[in-house]
Amino acid sequence: VSDVGGLFERAARGDRRALGRVLTVAERDGDAGAELATLLLERDASPAHIVGVTGAPGAGKSTLTGGLLDALAAAGRRTAVLAVDPSSPFTGGAILGDRIRMDRPTRPSDDATFIRSLASRGQHGGLSIAVPAMVRALEAVGYDPVIVETVGVGQIELDIAALADTTIVVVTPGWGDAIQANKAGVLEIADVFAVNKSDRPGALDAVRDLERMLDMSTNADGWRPPVHCTIGTDGSGVADLLGAIDAHGAHLDATGARGERRRLRERAEVRARAERALLARIDATLDDAEELLAGVEQRQVTAIEAAHQVVAQVRTTNDPR
Ligand SMILES: Nc1nc2c(ncn2[C@@H]2O[C@H](COP(=O)(O)OP(=O)(O)OP(=O)(O)O)[C@@H](O)[C@H]2O)c(=O)[nH]1
Ligand SMILES: [Mg+2]
């Protein structure tokens, strides 16, 4: 992209194709990405509320997110979705970039919503770099909130919780038996629980189970995560879920926790970027260190000493940028 400024202006005027390309620039994070970042800094848009939606594969995250989009659009709120590595139904399995659509008929509210998938999950620190960059572009063209959907598995779940202001954990009846071991982890990251598929047997047991766990945990920040029963497929409970998101947002504002979350997020992004840059320089140094590595191989120098030398080399080399 040669004219990032022009592209952004088109996006800001409502050109959805241009916005798609702006997001690609933000995600790819090259020279154009740096130019975009500077431009967005100057725009100084008010930050969007970032809502993470996570949970097991097939729990109903996308269906619920679709319901939230409808409810938000009906309330006149322009909402964007970043779907991380989605399988269904935003894309039906493939990453289709700007062309993705909800798995439902086009709605009149579609102009107020923007859905985009990300493919950054696999890269080192990819999410902590790409998501904030893309959120900044979206908030600069007036989207608030921004919902980030991601499958809840291991580290990715934690990454998303660290990126969001409000994290919704979607569980289903019977979930407790399946992921017993990870209950503590889920409790740690959830600001709101949705017991989805509550049209199925066992929903009330799941609610009781969660409430019991919440009884035993301390809510150091004064927020007890509410538990809402939802049926993604008919929209039941979605209004409650939206109410909980807004209430949590108000709680963050009232306690100053929003600023704290933002500082942690910025720190994580800077850390991920610094780490990535350093790793690249270490690799470049190693590519040029045949002699040193041969010394290790021939047992003339220890790996410990070789690593010290690599670090010393990296520290004295100028950053190529
Ligand atoms: N019975 C029932 N089915 C639901 C409900 N919500 C979603 N589903 C169905 O569950 C399936 C999975 O829903 P998705 O919204 O794609 O779930 P997801 O969590 O986004 O899935 P991944 O992104 O693939 O992890 C779909 O067939 C939905 O129609 C619900 O409340 N009740
Ligand atoms: Mg999904």
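Our subject is the structure that appears above.
Asker: I'm lost on the pairing of strand E1 (residues 50-55) in this one. Help?
Answerer: Looking along a regular strand, one sees side chains alternate from face to face of the sheet. Within E1, 6 of the 6 residues are buried, which leaves the element mostly enclosed by the surrounding structure. Residues Ile50, Gly52 and Thr54 line one face of E1 and the alternating positions Val51, Val53 and Gly55 line the opposite face, and both faces are buried. Of the pairings in the sheet, the one linking E1 to strand E4 (residues 146-151) comprises 6 bridges and is parallel in character. Residue pairing in the sheet places Val51 in a bridge with Ile147 of E4. Across 5 bridges, the pairing between E1 and strand E5 (residues 166-171) is parallel. Across the sheet, Thr54 pairs through a bridge with Val169, a residue of E5.

Asker: Where do I start with a negative patch on the surface in this structure?
Answerer: Together, Asp283, Asp287, Asp288, Glu290 and Glu291 line one region of the surface with negative charge. For the negative patch, the secondary structure elements donating two or more residues are helix H11 (257-287) and helix H12 (290-297).

Asker: I keep staring at the packing of helix H5 (residues 126-140) against H11 and nothing clicks. Help me out?
Answerer: The description of two helices packed together rests on the angle between their axes and the distance between the axes. Here H5 crosses H11 at 130°, and the two axes come no closer than 8 Å. Considering the angle they form, H5 stands oblique to H11. Judged by the sense of rotation from one axis to the other, the crossing of H5 with H11 is left-handed. Contact with H5, carried on its side by Ser128, Ile129, Pro132, Ala133 and Arg136, involves Glu269, Ala272, Arg273 and Arg276 of H11 and no other residues of that element. Partitioning the contact of H5 with H11 into residue classes produces 4 nonpolar, 1 polar and 4 charged.

Asker: I keep staring at the pattern of salt bridges and nothing clicks. Help me out?
Answerer: Close approach of charged atoms lets side chains of opposite charge pair. Under the defined criterion, the tally for this structure stands at 18 salt bridges. A salt bridge links Arg273 to Glu269, with the shortest nitrogen-to-oxygen separation between them at 3.1 Å. Of this pair, Arg273 and Glu269 both sit in helix H11, 4 residues apart, which is roughly one turn of that helix. The exposure class of Arg273 is partly exposed, given its relative accessible area of 26%. Connected through shared salt-bridge partners, Asp29, Arg136, Glu269, Arg273 and Arg276 make up one network.

Asker: Explain the pairing of E5 to me, please; I cannot follow it from the model alone.
Answerer: Within E5, 6 of the 6 residues are buried, which leaves the element mostly enclosed by the surrounding structure. The alternating pattern of E5 places Thr166, Ile168 and Val170 and Thr167, Val169 and Val171 on opposite faces, both of which are buried.

Asker: Before we go on, may I ask you to explain the nonpolar core in this structure?
Answerer: Soluble globular proteins tend to bury their nonpolar side chains together. Counting residues in hydrophobic clusters, the biggest one holds 36 residues, and the most contacted among them are Phe8, Leu19, Leu36, Leu82, Val131 and Leu138. Elements that contribute at least two residues to this core include exactly helix H1 (4-12), helix H2 (16-28), helix H3 (31-43), strand E2 (79-84), strand E3 (113-118), H5, E4 and helix H6 (154-163). If you tally residues by element for this core, the top one is H5, at 9 residues. For Leu82, the residues in contact, after removing those within four places along its chain, are Arg116, Leu118, Val131, Met134, Val135, Leu138, Val146, Ile147, Val148 and Glu149. Residues Val53, Ala59, Leu68 and Leu69 belong to the second largest nonpolar core, which totals 19 residues.

Asker: Quick question: what am I supposed to make of the environment of Gly76 here?
Answerer: Tracing the backbone shows Gly76 in the loop between helix H4 (61-74) and E2. Relative accessible area serves as the criterion here: at 60%, Gly76 is assigned to the exposed category. Sequence separation between Gly76 and Ala112 is 36 residues, and the spatial gap between their C-alpha atoms is 7.8 Å.

Conventions used here
Residues numbered from 1 in each chain as written. Chains lettered and ligands numbered in written order. Predicted model: local features only at pLDDT ≥ 70, side-chain atom pairs only at ≥ 80, totals over all residues. Heavy atoms only, no water. Buried < 20%, exposed > 50% of the residue type's maximum accessible area, 1.4 Å probe, protein only. Helix = DSSP H or I, 4+ residues; strand = E, 2+ residues; numbered from the N terminus. Pairing = 2+ DSSP bridges. Patch = residues over 30% accessible without salt bridge, like charges linked within 9 Å, V, L, I, M, F, W, Y side chains within 5 Å. Areas by Shrake-Rupley, 256 points an atom, 1.4 Å probe, with all protein chains shown as cover. Salt bridge = Lys/Arg side-chain N within 4 Å of Asp/Glu carboxyl O. Lys, Arg positive; Asp, Glu negative; His and termini not counted. Charge placed at Lys NZ, Arg CZ, Asp CG, Glu CD. Axes fitted to C-alpha atoms, helices over the stretch in contact; angles between N-to-C directions. Parallel < 35°, antiparallel > 145°, perpendicular 65-115°, else oblique. Left-handed = near helix turned anticlockwise from the far one by under 90°. Contact = heavy atoms within 4.5 Å. Nonpolar A, V, L, I, M, F, W, Y, C, P; charged D, E, K, R; others polar. Core = buried A, V, L, I, M, F, W, Y, C linked by side-chain atoms within 4.5 Å.

Worth remembering: the numbers are spatial, not functional.
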